[in-house]
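The chain contents come next:
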Amino acid sequence: MRWQDAWAIARDSAKPLAGQLLPVEAAGGRVLAGAVRCERPVPAFDNAAMDGFAVAGPGPWTISGRVLAGAVTGGTMRPGSAVEIATGALVPEGVEAVLPYEDCVVEDDTVTGTVGPRRHIRRAGDSLAVGAPVVPAGRIVTATVAAAIVQAGVGNVLVHRPPAVTLLVTGDEVISEGVPGPGQVRDTFTGLVTAVAARAGGVPAERHRLPDDRALMRDALAAASGDVIVVSGSSSAGAADHLHELLTADGATWLVRGVACRPGHPQALAVLPDGRWVVSLPGNPYAGLVAALTLLEPLLAALAGRPAAALPTLPVTGNPKLMPGGVRIVPVTADGSLVAAGAVGLHAAAAADYLAVLADDWTPGAPAPLLRVP
Ligand SMILES: Nc1nc2c(c(=O)[nH]1)N[C@H]1C(S)=C(S)[C@@H](COP(=O)(O)OP(=O)(O)OC[C@H]3O[C@@H](n4cnc5c(N)ncnc54)[C@H](O)[C@@H]3O)O[C@H]1N2
Ligand code: MOO
C-alpha cells in the first residue's frame, strides 16, 4: 500500500468516541463534541474601561464617593454628580461617561472636563451576547479556549472521550532498565509511544512487556483494555513474530498491512471484531517511530475527535537516497535541510524537527509532507 493511503486510512477510518460532559477545568486537551454558546454576557455588567471619574449629566460634577472593582453601588446617580471609579468597576445607574484622570481637573470635591466621543464604558454584552457562539465543535480545549469558555459563563462542556491506549512491548531481548547483556536492547518505544499518544489526545491504559511467546501474546491481546492496542515488534515474518498471524486468527480486519516506505514497511493497522484497534509498530526503533507517526497519531487524533487535517509541507533540501516505488522518510530540520545523508536511526531523528516523506520522484528543493518529531 502507498504510504499516503496508509496515513489517510488511519486518519479517516475511525469515528470520534462518544461525548461526555466535563467541568471545563477538567477538559484541557479534550476536543469539543459540540459548539459552546455564551451563557452570560461578556462583559456581564456595564463597567468602567478607564480609571477616572464616572459622571452623570453635564459638568462640573461634585464628587460623591468612590467605586472600586467588585463593589456594588445602590441607587441612581443624580445629574451633576461624579464618583471616582476604577477600571472594571460596575458603573452606577445614571452615569453617561467615564472621564479618565488625564482628561479631568479636580479641585476640592469638584471635577471638570469634557466628555468626548468615547464614553469609556464597556456595556454588558458588548463583546458577546447570551447565545452567541464562543467556540465551535472540534476545537481542542486549550488554555485560551478554556479561558474563553469560563469568561462566557459556561461551566460544563461536552467533549469526546479520549482514546485509551494499551502498549504491548514485545521481544525476548528487550529490557526496560539496566545495562543490556549480550543480545539484549533497552526499550526505546515506551516513551515515544506515550508521547505520540498524549500529543494526539490519547490517554495511557496498560503497559506490558511480553516475551516472544505465541500463547502469552494471544492472552495479552485478549485481555488488553482500551480503545487502541499498540504492539511494538513482532511485525515481521520471523519465527518469533506471532502478532499478525494471531490477529488474522482472531478475525481482525486489516486496514493497513505493509506500507511502501523505508523505513517502517512492516507496519500495520487492524480492527478486532470487538472494535478494538491494533497498531503494529516494527521493532527497529526508527521504523517504529515512523509507524507511530504514520498510523498511531492520525488514528488517535480521529478517535479523540480532532478534525482531519492535511500534513504541513516544506521544501526539503539535500541528497537522500530515494525508494523506487515508495517513499523514503528522512529526518530534516525546521528549515527543511536533511539532517545527514543516509542517516537512519533515532540519533538522526533526535537532531531533526520533522520527518519528511519523500516520494520517489522528489527532487531536491521540492516540498514534501512533514511528520513532527515527538
Ligand atoms: N525476512 C524478513 N525479515 C525482515 C523484514 C522482512 O520484510 N522480511 N523486515 C525487516 C524490517 S524492515 C523490520 S523494521 C523488522 C521488523 O521486525 P519486528 O517488528 O518483527 O521486530 P523484531 O524482529 O522483534 O525486532 C526488530 C529489531 O528491533 C529491535 N527492537 C524490538 N523492540 C524494541 C524496543 N522496544 N526497543 C528497542 N529496540 C527494539 C529488536 O531488538 C531488533 O533489533 O524486521 C526486519 N526483518
Ligand atoms: O521498517 Mo524496517 O527497519 O524498514 O526499517
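Within every chain, residues take consecutive numbers counted from 1 along the sequence as written. Each chain is given a letter, starting from A, and each ligand a number, starting from 1, according to the order in which they appear as written. With pLDDT at 70 or above as the cut-off, local features in this predicted model cover only qualifying residues; side-chain atom pairs require 80 or more to be listed or tallied, and sums for whole chains, interfaces and linings still use all residues. Note that the side-chain values use all heavy atoms of the structure and ignore hydrogens as well as water.

Here we look at the domain arrangement of the protein
Then comes step 1: For the protein, the assigned domains are domain 1 (3-16 + 162-303), domain 2 (19-40 + 140-160), domain 3 (47-122) and domain 4 (313-372).
Then comes step 2: In this structure, domain 2 and domain 3 have C-alpha centres spaced 36 Å apart. Just so you know, the domain bounds were taken from an automatic or database domain assignment.

Comments concerning the pattern of salt bridges
Then comes step 1: In the sections that follow, a salt bridge refers to a side-chain nitrogen of Lys or Arg positioned within 4 Å of a carboxyl oxygen of Asp or Glu. Across all of its chains, the model carries eight salt bridges by this definition.
Then comes step 2: One salt bridge in this structure joins Glu 84 and Arg 66, with 3.3 Å as the shortest N-O distance. Here the residue Glu 84 occupies a position in strand S6 (residues 81-85), and Arg 66 occupies one in strand S5 (residues 61-67), the gap between them amounting to 18 residues.
Then comes step 3: On the basis of relative accessibility, which here comes to 19%, the residue Glu 84 falls in the buried class.
Then comes step 4: The shortest N-O distance in the salt bridge between Arg 161 and Asp 227 comes to 2.9 Å. Separated by 66 residues along the polypeptide, Arg 161 in the loop between strand S12 (156-160) and strand S13 (164-170) and Asp 227 in the loop between helix H4 (214-223) and strand S17 (228-232) bring together distant segments of the chain. For helices the rule is a DSSP run of H or I covering at least 4 residues; for strands it is a run of E covering at least 2, with both sets numbered from the N terminus onward. The cut-offs for exposure are 20% and 50% of the maximum accessible area for each residue type, with area from a 1.4 Å probe on protein chains only; residues under the lower value are buried, those over the upper are exposed, and the others partly exposed.

Examining the UniProt feature "domain: MoaB/Mog" (unreviewed entry) in the protein
Then comes step 1: Annotation from UniProt places "domain: MoaB/Mog" (unreviewed entry) at residues 166-302.
Then comes step 2: In residues 166-302, helix accounts for 34% and strand for 28%; the two terminal C-alpha atoms are 17 Å from one another. UniProt positions are given in the numbering used here, feature names are shortened, and annotations may be inferred rather than shown by experiment.

Quick look at the sheet that holds strand S7 (residues 97-100)
Then comes step 1: With mixed pairing, six strands are arranged side by side in an open sheet as S7-S4-S6-S5-S9-S8. At either end of the open sheet lies a strand with only one pairing partner, and these are S7 and strand S8 (104-107). Here the average twist between neighbouring strands, direction ignored, is 40 degrees.
Then comes step 2: Bridge count between strand S4 (residues 52-55) and S7: four bridges; the pairing is antiparallel. The residue of S7 that forms the bridge with Val 55 is Ala 97. DSSP calls a pair of strands paired once it identifies at least 2 bridges connecting them. The axes are straight lines fitted to the C-alpha atoms, using for helices just the contacting stretch, and the angles between their N-to-C directions are given from 0 to 180°.

Side note on the site of ligand 1
Then comes step 1: A molecule or strand has a residue near it when one of that residue's heavy atoms lies within 4 Å. The environment of ligand 1 is made up of 21 residues, and the closest members are Glu 173, Asp 187, Thr 188, Ser 235 and Gly 283.
Then comes step 2: Polar contact criterion, stated in full: a pair of N or O atoms within 3.5 Å, where within protein one must be able to donate a hydrogen and the other to accept it, and residues adjacent in sequence count only if both atoms are side-chain atoms. The contact in question runs from an oxygen atom of ligand 1 to an N or O atom on the side chain of Glu 173, over 2.6 Å.
Then comes step 3: A distance of 3.3 Å separates an oxygen atom of ligand 1 from a polar backbone atom of Ser 234.
Then comes step 4: With residues, only the protein chains shown are counted as cover, and all accessible areas are computed by Shrake-Rupley using a 1.4 Å probe. Starting from 870 Å² of accessible surface for ligand 1 in isolation, the protein chains cover 67%.

Description of the site of ligand 2
Then comes step 1: Near ligand 2 you find Pro 263, Gly 264, His 265, Pro 266, Asn 284 and Ala 287, and these make up its full shell.
Then comes step 2: Residue Gly 264 places a main-chain N or O atom 2.5 Å away from an oxygen atom belonging to ligand 2.
Then comes step 3: His 265 places a polar main-chain atom, nitrogen or oxygen, 3.3 Å from an oxygen atom of ligand 2.
Then comes step 4: Side-chain classes follow a simple rule in which Ala, Val, Leu, Ile, Met, Phe, Trp, Tyr, Cys and Pro form the nonpolar group, Asp, Glu, Lys and Arg form the charged group, and the remainder, Gly included, forms the polar group. Residue composition of the shell around ligand 2, grouped by class: three nonpolar, three polar and no charged.

Quick notes on the pairing of strand S9 (residues 110-113)
Then comes step 1: Examined bridge by bridge, S5 and S9 share two bridges and lie antiparallel to one another. Among the inter-strand pairings, Thr 62 is bridged to a residue of S9, identified as Thr 110.
Then comes step 2: Strand direction decides the pairing type here: S8 and S9, joined by four bridges, are antiparallel. Bridged to Val 106 within S9 is Val 111.
Then comes step 3: What sits between S8 and S9 in their antiparallel hairpin is a turn of two residues, with Asp 108 showing a positive phi close to 50 degrees.

Section: the nonpolar core
Then comes step 1: Counting 45 residues, the largest nonpolar core has Trp 3, Val 228, Ile 329 and Leu 355 as the members making the most contacts within it.
Then comes step 2: The element best represented in this core is helix H6 (residues 285-303), accounting for twelve residues.
Then comes step 3: Counting contributing residues, this core receives three or more from each of domain 1 (3-16 + 162-303) and domain 4 (313-372).
Then comes step 4: Any two residues having at least one pair of non-hydrogen atoms within 4.5 Å are treated as being in contact. With sequence-adjacent residues up to four places away left out, Leu 355 is seen in contact with Tyr 286, Leu 289, Val 290, Leu 293, Ile 329, Val 330, Pro 331, Ala 349, Pro 369, Leu 370, Leu 371 and Val 373.
Then comes step 5: Residues belong to a common nonpolar core when they are buried Ala, Val, Leu, Ile, Met, Phe, Trp, Tyr or Cys residues joined through side-chain atoms within 4.5 Å. Grouped together as the second largest cluster of nonpolar side chains are 18 residues, Val 24, Leu 32, Leu 128 and Ala 146 included.

Observations concerning the environment of Pro 41
Then comes step 1: The residue Pro 41 is located in the loop between strand S2 (36-37) and strand S3 (47-48) in this model.
Then comes step 2: On a C-alpha basis, the gap between Pro 41 and Pro 369 in space is 43 Å, while along the polypeptide they are 328 residues apart.
Then comes step 3: Ignoring any residue separated from it by four or fewer positions in sequence, one finds Pro 41 in contact with Ala 124, Gly 125, Leu 128 and Val 130.

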